[in-house]
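# Survey of secondary and tertiary structure
Listed below are the residues making up each chain.
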Amino acid sequence: MYQTAFLLLSSMLLLGCTENGSGTTALPYYNDPDFTPLFVKNEAEIKEKISHSISDFSFLNQDSILISQENIEGKIHVANFIFTSCISICPVMTKNMKIVSDSATNDIVLLSFSVMPWIDTPTVLKKFTEKHQIKNKQWHFLTGSKSGIYQLARKSYFAEEDIGFSKDSTEFLHTEHFILVDKNKRIRGIYNGTLSLEMQKLLEDIKTLKGE
């Protein structure tokens with residue numbers, strides 16, 4: 001079901017394919033929900049082979065501020081999907097996202113979408129951030145239309161990989177994945193958000209993207 005281990009192995013095996021090696025990009029692109037890594041050599045290949053990007057969106061954050069694609073335009077961002085009443089993986093994911101929040105520079109945007117937006121209102125999300133002592137102004141907890149969030153998660157972020165791509169908002173969304181997206185809103189990495197070790201890999205990949 002989950003291919004995180006495969007992706008990590010692929011990243012390690014192909015890490016040598018950088019601009020000082022074969023001329024390909026250091027991090028792959030992901031065009032499809034099966035997360036087959038695609039390495040490209042130049043802008044021409046990007047235009048030819050990489051068609052997928054994150055779709056436009058508009059949701060309220062914990063401060064009742066409208067957050068849209070304009071807030072991530074030209075910025076690297078990391079997305080995940082949680083709900084505040086979750087007692088299984090979500091607390092761990094939030095703790096691990098704090099590792100990224102505390103270590104990344106202020107130009108990195110973090111988006112935590114609620115998969116129970118009918119319960120997680122901006123007020124509820126605000127209390128959640130206060131409980132977890134989250135003060136990073138670039139970390140937005142988002143709520144809004146259930147169908148809008150679910151479609152964005154499954155069709156744009158491939159949040160549940162290919163197993164979730166054909167599902168709709170009638171089927172509950174629950175995933176441990178963190179998705180790394182570059183300045184052009186293209187997916188460049190997927191990580192297991194329950195593993196603190198993978199946060200170090202995520203931070204390293206953010207540095208790599210900043211150097212592109």
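From a predicted model like this one, the values you see are computed outputs, not experimental measurements.

## Some details on the overall build of the protein chain
Each helix and strand counted, the protein chain has seven helices and nine strands in total. A burial count over the protein chain gives 50% of its 212 residues as buried. Contacts in the protein chain between residues at least 24 apart in sequence constitute 66% of all its contacts with a sequence separation of at least 6. Surface accessibility of the protein chain: about 10100 Å² in total, with carbon and sulfur atoms responsible for 53%.

## Considerations on the environment of M199
Position of M199 relative to the elements: it lies in helix α7 (residues 196–210). Taking the relative accessible area as the measure of exposure, M199 reaches 0% and is therefore buried. Once the C-alpha coordinates of M199 and N96 are considered, the two residues, 103 residues apart in sequence, prove to be 6.8 Å apart. Ignoring any residue separated from it by four or fewer positions in sequence, one finds M199 in contact with N96, I99, V100, F178, N192 and G193.

## Focus: the UniProt feature "binding site: Cu cation" (unreviewed entry) in the protein chain
UniProt records the feature "binding site: Cu cation" (unreviewed entry) at C86, C90 and H174, using the numbering of this structure. In terms of the greatest pairwise C-alpha distance, the residues named above, spread along 89 residues, form a tight cluster of at most 10.0 Å across. Within the fold, C86 resides in the loop between β5 (77–82) and α3 (90–103). Looking at the secondary structure, you find C90 in helix α3. A relative accessible area of 2% means that C90 is categorised as buried. If we ignore the near neighbours within four places in the chain, the residues touching C90 are I82, F83 and H174.

## Describing the packing of α3 against α7
The contact between α3 and α7 brings their axes to 9 Å, and the two run at 35°. The way α3 lies across α7 gives a crossing that is right-handed. Contacts between α3 and α7 involve N96, I99, V100 and S103 from the former and S196, M199, Q200, L202, L203 and I206 from the latter. Residue classes in the contact of α3 with α7 are distributed as six nonpolar, four polar and no charged.

## Digging into the side chain of N61
Topologically, N61 is positioned in the loop between β3 (58–60) and β4 (66–68). In terms of polar contacts, N61 uses its side chain to reach the backbone amide nitrogen of I65, at 2.9 Å. Setting aside residues no more than four positions away along its own chain, N61 makes contact with I67, P122, H140, F141 and L142.

What counts as what
- Residues numbered from 1 in each chain as written.
- Predicted model: local features only at pLDDT ≥ 70, side-chain atom pairs only at ≥ 80, totals over all residues.
- Heavy atoms only, no water.
- Helix = DSSP H or I, 4+ residues; strand = E, 2+ residues; numbered from the N terminus.
- Buried < 20%, exposed > 50% of the residue type's maximum accessible area, 1.4 Å probe, protein only.
- Contact = heavy atoms within 4.5 Å.
- Areas by Shrake-Rupley, 256 points an atom, 1.4 Å probe, with all protein chains shown as cover.
- UniProt positions renumbered as here; feature names shortened; annotations may be inferred.
- Axes fitted to C-alpha atoms, helices over the stretch in contact; angles between N-to-C directions.
- Left-handed = near helix turned anticlockwise from the far one by under 90°.
- Nonpolar A, V, L, I, M, F, W, Y, C, P; charged D, E, K, R; others polar.
- Polar contact = N/O pair within 3.5 Å; in protein donor to acceptor, adjacent residues only side chain to side chain.

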